[in-house]
Amino acid sequence: MPIPSRLTAMVTLTLLMAAPAMGGAPQPVLGSRVKPLLTVDGLSFRDLNGNGALDPYEDWRLPVATRVNDLLTRMTVEEKAGALLHGTVPPEGGFTLATMRGPYDFPLATRMIRELGITTLITRQATPPRQLAEQDNRLQAVAEGGRLGIPVTLSTDPRNHFQVTAGASQQSAGFSQWPEALGLGAIGDSALVRRFADIARREYRAVGIHQTLSPMADVATEPRWPRINGTFGEDPDLDRRLVQAYIEGFQGGDEGPGVTGVSAVVKHWVGYGAAQDGFDSHNSYGRYSLVRPSQFEQHLLPFKGAFAAHVAGVMPTYSILKEMTVDGKPVEQVGAGFSHWLLTDLLRGQFGFQGIVLSDWAIANDCNDICRHGFPAGERPSFKDFSTAWGVEDLATPARFAKGLAAGLDQFGGVDDPAPLLAAVKSGLVTEARLDQSVRRILELKFRQGLFENPYVDAEAAATVVGTPQFVAEGLAAQSHSMVLLEAGAAPTTLAGRKVYLHGVAADAAKAAGLTVVDDPSKADVALLHLSAPFQTLHPNYTFGLLQHEGDLAFHDGNADYEALKAVAAAKVPAVVSVYLDRPAILTNIRDKAARLYVDFGVGDQALLDVALGKVPAQGRLPFELPRSMAAVTAQASDVPHDSKDPLYAIGAGIR
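Residues numbered from 1 in each chain as written. Predicted model: local features only at pLDDT ≥ 70, side-chain atom pairs only at ≥ 80, totals over all residues. Heavy atoms only, no water.

- Per an unreviewed UniProt entry, the protein goes by beta-glucosidase and derives from Nitrospirillum iridis.
- Recorded in UniProt for the protein, the comment headed Sequence similarities (unreviewed entry) runs: "Belongs to the glycosyl hydrolase 3 family."
- UniProt, in its Catalytic activity (unreviewed entry) section for the protein, records the words "Hydrolysis of terminal, non-reducing beta-D-glucosyl residues with release of beta-D-glucose." (UniProt positions renumbered as here; feature names shortened; annotations may be inferred.)

1. Points about the overall build of the protein
Right, so step 1: Helix and strand counts for the protein stand at 20 helices and 22 strands.
Right, so step 2: For the protein, whose C-alpha radius of gyration is 26 Å, the value lies close to the compact-globule estimate of 26 Å for 656 residues.
Right, so step 3: Taken along the three principal axes of its C-alpha coordinates, the protein extends 80 × 55 × 45 Å.
Right, so step 4: For the protein, buried positions account for 60% of its 656 residues.
Right, so step 5: Taking all contacts inside the protein whose residues are at least 6 apart in sequence as the whole, residues at least 24 apart take part in 74%.
Right, so step 6: Of the roughly 23,400 Å² of accessible surface on the protein, 53% is carried by carbon and sulfur atoms. (Helix = DSSP H or I, 4+ residues; strand = E, 2+ residues; numbered from the N terminus. Rg over C-alpha atoms; globule rule 2.2 N^0.38 Å. Buried < 20%, exposed > 50% of the residue type's maximum accessible area, 1.4 Å probe, protein only. Contact = heavy atoms within 4.5 Å. Areas by Shrake-Rupley, 256 points an atom, 1.4 Å probe, with all protein chains shown as cover.)

2. Here we look at the side chain of K35
Right, so step 1: One can find K35 in the loop between β2 (30-32) and β3 (37-40).
Right, so step 2: For the buried residue K35, which engages in no salt bridge, the nearest side chain bearing the opposite charge is E144, 6.8 Å off.
Right, so step 3: Polar side-chain contacts of K35 include one of 2.3 Å to the backbone oxygen of L48. (Lys, Arg positive; Asp, Glu negative; His and termini not counted. Salt bridge = Lys/Arg side-chain N within 4 Å of Asp/Glu carboxyl O. Polar contact = N/O pair within 3.5 Å; in protein donor to acceptor, adjacent residues only side chain to side chain.)

3. Overview of the pairing of strand β5 (residues 85-88)
Right, so step 1: Where burial is concerned, the two faces of β5 agree: the one with L85 and G87 and the one with H86 and T88 are both buried.
Right, so step 2: Bridging between β5 and strand β6 (residues 120-122) involves three bridges; their strand directions are parallel. The partner of H86 across the bridge, within β6, is T120. (Pairing = 2+ DSSP bridges.)

4. Describing helix α18 (residues 560-570)
The α-helix winds at 3.6 residues per turn, so residues separated by three or four positions along the chain end up facing the same way.
Right, so step 1: For α18, the complete set of buried residues consists of D561, Y562, A564, L565 and V568. Projection of α18 onto a plane perpendicular to its axis shows the buried side chains occupying an angular sector of 160°, all on one side. Along α18, exposed side chains directed more than 90 degrees from the buried face belong to A560 and A570.
Right, so step 2: Residues of α18 that are buried sit in contact with β18 (499-503), β20 (526-532) and β21 (575-580).
Right, so step 3: The N-terminus of α18 is capped by N559, whose side-chain oxygen sits 3.0 Å from the backbone nitrogen of D561.
Right, so step 4: Downstream of α18 by one or two residues, K572 has phi in the positive range, about 55°. (Arc of directions from axis to C-beta.)

5. Quick notes on the state of the cysteines
Right, so step 1: Taken as a whole and assessed by the stated rule, the structure comprises one disulfide.
Right, so step 2: In this model C367 forms its disulfide with C371; the gap between the sulfur atoms is 1.9 Å. Its torsion about the S-S bond being -80°, the disulfide of C367 and C371 is classed as left-handed. Comparing C367 with C371, the two get one shared label, buried. (Disulfide = S-S within 2.5 Å.)

6. Structural notes on the packing of aromatic side chains
Any pair of aromatic rings gets described here by the distance separating the centres and the angle formed by the planes.
Right, so step 1: Applying the stated criterion to the full structure yields 26 aromatic pairs.
Right, so step 2: Their ring planes at 20° and their centres at 5.2 Å tell us that F45 and W60 sit as a pair that is stacked. Within this pair, whereas F45 is found in strand β4 (residues 43-46), its partner W60 is found in the loop between β4 and α1 (64-74), the two being separated by 15 residues in sequence.
Right, so step 3: Relative accessible area serves as the criterion here: at 0%, F45 is assigned to the buried category.
Right, so step 4: Consider the rings of F296 and W341, whose centres lie 5.6 Å apart with planes at 35°: the pair is tilted. Here the residue F296 occupies a position in helix α8 (residues 296-308), and W341 occupies one in helix α9 (residues 340-350), the gap between them amounting to 45 residues. No difference in accessibility class separates F296 from W341, as the two residues are buried.
Right, so step 5: The rings of F175, W178, F196, Y204, F232, Y246 and F250 are connected pair by pair, giving a single aromatic cluster.
Right, so step 6: The side chain of R159 reaches across the aromatic face of F175, ending 5.6 Å from its centre.
Right, so step 7: The ring of Y288 carries the charged tip of K322 above its face, separated from the ring centre by 5.1 Å. (Phe/Tyr/Trp six-rings, centres within 6.5 Å; stacked < 30°, edge-to-face > 60°. Lys NZ or Arg CZ within 6 Å of the ring centre and 35° of its normal.)

7. Notes on unusual backbone geometry
Right, so step 1: Each neighbour pair has its own omega, and for S214 with P215 the value is 10°, a cis peptide bond.
Right, so step 2: Within the fold, P215 resides in the loop between β8 (211-212) and α7 (236-251).
Right, so step 3: In this model, K267 is joined to H268 through a cis peptide bond whose omega is 5°.
Right, so step 4: Structurally, the position occupied by H268 is in strand β9 (residues 263-269).

8. Looking at the side chain of E180
Right, so step 1: Tracing the backbone shows E180 in the loop between β7 (153-156) and α5 (181-187).
Right, so step 2: Of the buried charged residues, E180 lacks a salt bridge, with R227 as the closest side chain of opposite charge at 10 Å.
Right, so step 3: Among the polar contacts made by the side chain of E180, one reaches the main-chain amide nitrogen of F162 at a distance of 3.1 Å.

9. Quick look at the environment of V415
Right, so step 1: Turning to its location among the elements, V415 is positioned in the loop between β16 (412-413) and α12 (419-426).
Right, so step 2: A sequence separation of 124 residues divides V415 from V291, and the C-alpha atoms of the two residues are 29 Å apart.
Right, so step 3: Discounting residues that sit within four places of it in the chain, V415 has contacts with L85, H86, G87, I118, A364, N365 and F401.

10. With respect to the pattern of salt bridges
Right, so step 1: Enumeration over the complete set of coordinates arrives at 35 salt bridges.
Right, so step 2: Salt-bridge contacts for R147 lead to E79; the nearest nitrogen and oxygen are separated by 2.8 Å. Within this pair, whereas R147 is found in the loop between α4 (129-144) and β7, its partner E79 is found in helix α2 (residues 77-83), the two being separated by 68 residues in sequence.
Right, so step 3: Judged by its relative accessible area of 18%, E79 falls in the buried class.
Right, so step 4: The closest approach of N and O atoms between R195 and D198, which form a salt bridge, is 3.8 Å. Here D198 and R195 lie together in helix α6 (residues 190-207), a separation of three residues that amounts to about one turn.
Right, so step 5: With relative accessibility at 27%, the residue R195 sits in the partly exposed group.
Right, so step 6: Accessibility expressed as a relative area gives 17% for D198, which makes it buried.

Quick look at the structure:
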């Protein structure tokens, strides 16, 4: 259905503060670009199916359940199957491992939304706020022009932090920048986390994003695991408090998201942080979690904070809980998205969760030789043939969809083709009634968030809401405050007026702070070094093995950051050092070379300089322990918090 040219560039808005309608609800703001509005009893409504009559699902005066029931009766099986897919807005030029800065591929997006019925999509664009808002509005116009006018729910990975990994976190332009979740854990202030999430909520809604695929409630008990930076650390009770605050801030309260809220999808249910050997379960070689029954409650605890906040969604982990038993009986050795025990018995049954269960990405995809064994030598890894169907690799694709639904899933992440799910329905593996159970939850959330009344945003206003000076200032202060001072030695108490040698800090930023920058440590009064935690790339033939930080946590000769610090030490220049920790680095051979030693969890140069110059105090405490050696790391248990022998710095360490 083409968009009428006379309406293409127009948004029709109506705000009629009429007498309270049925149920006492006032006239809401309505947004339309494609189809006309209806006037009934002096009130305005969107004619989403274009039939010239007010149907129950279009009537904002009615209860959500009534509207959902009506819409379900109008949807075809094909539209219901499409609703169960959480796809990706396609970019022009296709998907790559690089940041996506170009426009959406609207012909392909139109096919996905109108022909395939996919109305939940993740956006991975890193364009400026106004441009992103305009693009998202165009997507909503495409959806409005569909048969039933079902609006699109747009989701995103976190986009207010520093580290960017394709498929896990998102770079963005113009959004306020905050420390990683680990940095918020280092501050440990629930009110600050709630404030951060409230700011991010406003920024997301301003550009047309309605759902955040966060927070990570995983307890980071395995220090080699590559995804620790997205967690709040390895203290289960702290994680619980901050997870709850994060969700309340994003959703706009503790009763779930409303018309101004961003729905949160807490992840990863459950045990992801106890990864065997620290390898991540995006990869077949990392598909196991070693969480044991005796430790399982600790890994559940943060999710209780999510349930207290009435979180809208839960995302299961990719991992297989290796050799897990319940009441002496073995749990089926499949990824969590296919585990009836985890999703139905535990999540739905014991915890009474009523929201959306969204699988992590690509669990329904076929797992071929590349998925299982990596790319052939000489071929650069990509998202081609990517799958995470652990434990069900040998099932036919329709059977895989059926097993996920039988386990308790509502949506399949990273899937753009409903054909296998429709094949499962046609063959009798999945009933239409089962589809309805999940479609109902998905539609209810769209109605609660007000998308059926107005999915559009003010693109001009987006440029003023996103990254306001106030938001940026608060993010900058949080960066500085999240830094942890571990050693306060013999460095000069102030760097002002001194000649400074820099490593990992931009000279322009230092000069703007009033420092005199020299290019040789022997000419300096003091050195300022920003180092990064070491890592190895042990599996470069796997997509995420190439992208993620694995292996050794210690600094060794040949590491560029370590060589720079050794050069400063050889020049006998006092070194002020901060180490960015996305994992718990071993600092045994760093602290003896640093006159003052900090660690951080995502800071820009200005925030780092503010602390180094004494303008802002570092207030953080370690959200995990820092082991003394790799021998201690390999000897500790993967599922027990802060249990390495004689750690160099204990959890909670920090000089204030």
